[in-house]
Amino acid sequence: MSVRRGRLDSSLFHMLVLVCALCQVLFVGLVTGQTAQLSVDASSQSGQTIPDKMFGIFFEELNHAGAGGLWAELVSNRGFEAGGINTPSNIDPWLIIGDESNIIVETDRSSCFASNPIALRMEILCGATGTNACPSGGVGIYNPGYWGMNIEKTKVYKVSMYIRSSDSVDLAVSLTSSDGLQNLATHTITAEKGDFAGWTKVEFDLQSSERNTNSRLQLTTTKNGIIWFDQISVMPSDTYMGHGFRKDLATMLANLKPRFLKFPGGNYVMGSYLLNAFRWSETIGPWEERPGHFNDVWNYWTDDGLGFFEFLQLAEDLDACPVWVINDGASLNEQIPSATIAAFVKDVVDGIEFARGDPETTWGSVRAAMGHPEPFPLYYISVGNQECSKPYYKEKYVKFYSAIKASYLDIKIISSCDISSISAVNPADLYDVHVYTSSGDMFSKTRMFDSTPRSGPKAFVSEYAVTGNDAGRGTLVAALAEAAFLIGLERNSDVVEMASCAPLFVNDNDRGFSPDAIVFNSWQHYGCPNYWMLHFFKDSSGATLHPLTIQVSNYDQLAASALTWQNSNDGNTYLKIKVVNFGNNAVNLNIAVAGLENGIQEFGSIKTVLTSGWLRDENSFQQPDKVVPAASPITNAGEQMGVIVDPYSLTSFDLLLDTNTNKYPLLESSFHSSM
């Protein structure tokens, strides 16, 4: 039987190889018979300015995007609050070193912080010597972080914790391998009896002697007695801009040049129940005094180290405009009626004062005390999340709108209702649009806003994504469909003001929603094809859009846009022509540009292509660059030029205009290497 099965497997294997080879030939379109004409009117009088905040990013706390992700805190459940207010409670993911004959741990309500009263009580039953001596290395507790801590050689980690004990203390605080056998760094805390009789904050640095991507923090002792712990933190010393964000992940965001940051989420803001909704005022101030809350929509605890202040700070660090999604008194399963919504309205106005108020104001002084006396430029408020159909929403919305405008007339307010529900009695500056659909339907939505009335509030497409079978965990075809959709938004940027994809991040250990733009674990990261697709649009905000036409017979798989943009690094000006080919035919594209005040330089133009060998190709930790943009010089750049557009591809032709003297600007920092 085994020999026969082997022969069958071999035959099937060769058949599969033949089929795959044939599919590959069909995919890459070796037979190229499709011809198209693309004409651009690049005259200044025909151009329209794309809104300067057109393309940004939307952060939601799901998939452990922040806790265990962008927020660089390495300790999970740092304050022991995740198990709930009833004690003793679960201290997951903390575990003991030793066994119940040597150590007893439990939570109690002895913390010095009223807002998060739970602390950990550790009772050591063994001693340093004698018949009841502790095991070699001691006993204690350890924390594995979020699926392992990434500890890098020579890097410094800032450790802080609160300790209380009526006994003398001899405690080793170590970074070790996941099994505790490899010691990476250790600091010893010693104190005489009575020194820690009251809660005492202890801070120190640990510098690792080795690298280990699956490490843990452990606290061990061989001394008999009782010690209480609370708010144990380990933070890398070199976070992005020094503000607590994981550097590699924040850099990926910065490389998109986002013009706005919408936060802190949609469903996350609401909570399944209001008990667990995001409350901005409980996420500010010293980190150890924040109560944290259970993210009951996505089913994990967050200590809210990444809070309202940090989101505003991140927006500033990214040079992006903050867009705050507020809780309007509704969760997924309950809501506050309009008659009793006043406290929620006041809370939002207070939040705006925290962001924008002078240091002399009540809430502005709190922000100033956190180290940011200058106001944050908060000019966008999104009221609720997909709630227009809920009872009371429209009544409550008007109350939020009126109260905010009464104090901050310059703030733009975004409604959850679509344009058909907005009127003089239910006004809005923008209306929120969410688009989740298949790749084929997303490609067709390049015309979604073509018939939208050209007056009235503008659309904010704050969430869009290809979902379904062909989306996978981030496929090429999904990215191309989304690119065509964004080209449609560019073309309709007179009625669409802002757009951002969703979701932004996913920790590979907690995929609550797929696909996502950026995938990471404790020590690795990569961009999905749709992340790299966004780089083709990072120069669109504030650029000049030019009308174009495409003439092609019996082939409706092309989407294109043309715009003029200026490179802020070198001052050079480019005419960018983007083309999505969503079909399996290569296209011989004849490009004609008319109306240019200055010609196109012979050298210095760049062609950038995003494509791959198969429609559902994805990036991964093993192949992070499988689907990424590839740049090359254009050798025939001119106002009349013939090019080939690959099947299933996104191509950008950045044509250097004569107004500049640098002949090789983009080649000096290639598209991909600069990312």
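Note that this is a predicted model, so its numbers are computed, not measured.

So, about the overall build of the chain. Within the chain, the secondary structure is distributed over 11 helices and 35 strands. For the chain, whose C-alpha radius of gyration is 28 Å, the value lies close to the compact-globule estimate of 26 Å for 675 residues. Per-residue burial for the chain yields a buried fraction of 56% across its 675 residues. Long-range pairs, those at least 24 residues apart, make up 76% of the contacts in the chain between residues at least 6 apart in sequence. Of the accessible surface of the chain, which amounts to about 27000 Å², a share of 51% is contributed by carbon and sulfur atoms. Positive and negative charge centroids in the chain, built from 46 and 73 side chains respectively, lie 4 Å apart.

Glancing now at the state of the cysteines. Within the structure shown, the criterion is met by 2 disulfides. Between the sulfur of Cys126 and that of Cys134 lies a disulfide, 1.9 Å long from S to S. Judged by the torsion about the S-S bond (95°), the Cys126/Cys134 disulfide is right-handed. Under the relative-accessibility criterion, Cys134 is labelled buried at 11%. Disulfide partner of Cys388: Cys417, at an S-S distance of 2.0 Å. Between Cys388 and Cys417, the S-S torsion sits near 95°, and that sign places the bridge as right-handed. Of this pair, Cys388 sits in the loop between strand E19 (380–383) and helix H7 (393–407) while Cys417 is found in the loop between strand E20 (412–415) and strand E21 (430–437), placing the two residues 29 residues apart along the sequence. Disulfide connectivity for the chain, with bonded cysteines indexed by sequence position, reads 1-2, 3-4. With no disulfide of its own, Cys321 lies closest to Cys501 among cysteine sulfurs, the gap being 18 Å. Not part of a disulfide, Cys528 finds its nearest cysteine sulfur in Cys501, a span of 10 Å.

Turning our eyes to something else, we now look at the nonpolar core. Core analysis: the largest hydrophobic core is formed by 112 residues, its most contacted members being Trp324, Tyr464, Phe505, Met533 and Val580. Among the elements that take part in this core, helix H9 (residues 476–491) stands out by supplying 12 residues, more than any other. Residue contacts for Tyr464: discarding those within four places in its chain leaves Val435, Met442, Glu482, Phe485, Leu486, Ser500, Cys501, Ala502, Met533 and Leu534. Counting 38 residues, the second-largest nonpolar core is a separate cluster that includes Ile103, Ile124, Ile141 and Phe204.

By the assigned domains, the chain splits into domain 1 (34–51 + 542–656) and domain 2 (95–236). A separation of 57 Å is found between the C-alpha centroids of domain 1 and domain 2.

All right, on to the pattern of salt bridges then. A full pass over the atoms with the stated rule returns 25 salt bridges. As a salt-bridge pair, Glu73 and Arg78 come within 3.2 Å of each other at their nearest N and O atoms. By relative accessible area, Glu73 is classed as buried at 3%. Lys257 serves as the salt-bridge partner of Asp539, at 2.7 Å between the closest nitrogen and oxygen. Linking Asp539 in the loop between helix H10 (529–534) and strand E27 (544–546) with Lys257 in the loop between helix H2 (247–254) and strand E15 (260–263), this pair joins segments that are 282 residues apart in sequence. A relative accessible area of 34% places Lys257 in the partly exposed class. A cluster of three or more residues bridged by salt bridges with shared partners is formed by Glu106, Arg121 and Glu123.

Here we take up the side chain of His434. In this structure, His434 sits in strand E21. Within the structure, His434 has its side chain in polar contact with the side chain of Gln386 (distance 2.6 Å). Apart from residues no more than four positions distant in its own chain, His434 is found in contact with Lys262, Asn385, Gln386, Ser462 and Glu463.

Quick look at the pairing of E19 now. The side chains of a regular strand alternate, first on one face of the sheet and then on the other. Here E19 shows no split at all, with Tyr380 and Ser382 on one side and Ile381 and Val383 on the other all buried. Of the strand pairs in this sheet, strand E18 (residues 321–326) and E19 are connected by 4 bridges, and their pairing is parallel. Bridged to Val325 within E19 is Ser382. Direction of pairing for E19 relative to E20: parallel, over a ladder of 3 bridges. Counted as the bridge partner of Tyr380 is Lys412 from E20. Between E19 and its parallel partner E20, the chain crosses via H7, and the hand of that crossover is right-handed.

We now examine the environment of Arg491. As for its position among the elements, Arg491 is in helix H9. Beyond its immediate stretch of four places on either side in the chain, Arg491 contacts Gln48, Thr446, Arg447, Asp450 and Leu545. A polar contact of 3.1 Å, which involves the side chain of Arg491, links it to the side chain of Asp450.

That bond from Phe263 to Pro264 is cis: its omega, -5°, falls within 30 degrees of zero. Mapped onto the elements, Pro264 comes out in the loop between E15 and helix H3 (267–270). With an omega of -15°, the peptide bond between Ala502 and Pro503 qualifies as cis. At His64, a residue that is not glycine, the phi angle is positive and equals roughly 55°. Its identity as a non-glycine residue notwithstanding, Asn554 has a phi of 55°, on the positive side. As for its position among the elements, Asn554 is in the loop between strand E28 (548–552) and strand E29 (558–566).

Let us look at the sheet that holds strand E6 (residues 119–124). Taking strand neighbours across the sheet as the criterion, the 5 strands line up as E5-E6-E14-E9-E12 in an open arrangement whose pairing is antiparallel. Of all the strands in the sheet, just strand E5 (103–108) and strand E12 (200–207) have a single pairing partner and so form its edges. Neighbour to neighbour, the strand axes of the sheet diverge by 30° on average, direction disregarded. Here strand E9 (residues 156–164) pairs with strand E14 (residues 225–236) via 7 bridges, running antiparallel. When the bridges of E14 are listed, Ser160 appears paired with Ser233.

A few words now on the packing of aromatic side chains. Taken as a whole and assessed by the stated rule, the structure comprises 28 aromatic pairs. Look at Phe308 and Trp324: their rings are 4.6 Å apart centre to centre, the planes differ by 45°, and that puts the pair in the tilted class. On the criterion of sequence distance, the pair formed by Phe308 in helix H4 (residues 308–317) and Trp324 in strand E18 is long-range, its members being 16 residues apart. The class of Trp324 is buried, set by a relative accessible area of 3%. Relative to Tyr574, the ring of Trp565 has its centre 5.1 Å away and its plane inclined at 20°; by these criteria the two rings are stacked.

Rules of the game
Residues numbered from 1 in each chain as written. Predicted model: local features only at pLDDT ≥ 70, side-chain atom pairs only at ≥ 80, totals over all residues. Heavy atoms only, no water. Helix = DSSP H or I, 4+ residues; strand = E, 2+ residues; numbered from the N terminus. Rg over C-alpha atoms; globule rule 2.2 N^0.38 Å. Buried < 20%, exposed > 50% of the residue type's maximum accessible area, 1.4 Å probe, protein only. Contact = heavy atoms within 4.5 Å. Areas by Shrake-Rupley, 256 points an atom, 1.4 Å probe, with all protein chains shown as cover. Lys, Arg positive; Asp, Glu negative; His and termini not counted. Charge placed at Lys NZ, Arg CZ, Asp CG, Glu CD. Disulfide = S-S within 2.5 Å. Core = buried A, V, L, I, M, F, W, Y, C linked by side-chain atoms within 4.5 Å. Domains from an automatic or database assignment. Salt bridge = Lys/Arg side-chain N within 4 Å of Asp/Glu carboxyl O. Polar contact = N/O pair within 3.5 Å; in protein donor to acceptor, adjacent residues only side chain to side chain. Pairing = 2+ DSSP bridges. Right-handed = clockwise from strand over helix to strand, strands pointing away. Axes fitted to C-alpha atoms, helices over the stretch in contact; angles between N-to-C directions. Phe/Tyr/Trp six-rings, centres within 6.5 Å; stacked < 30°, edge-to-face > 60°.

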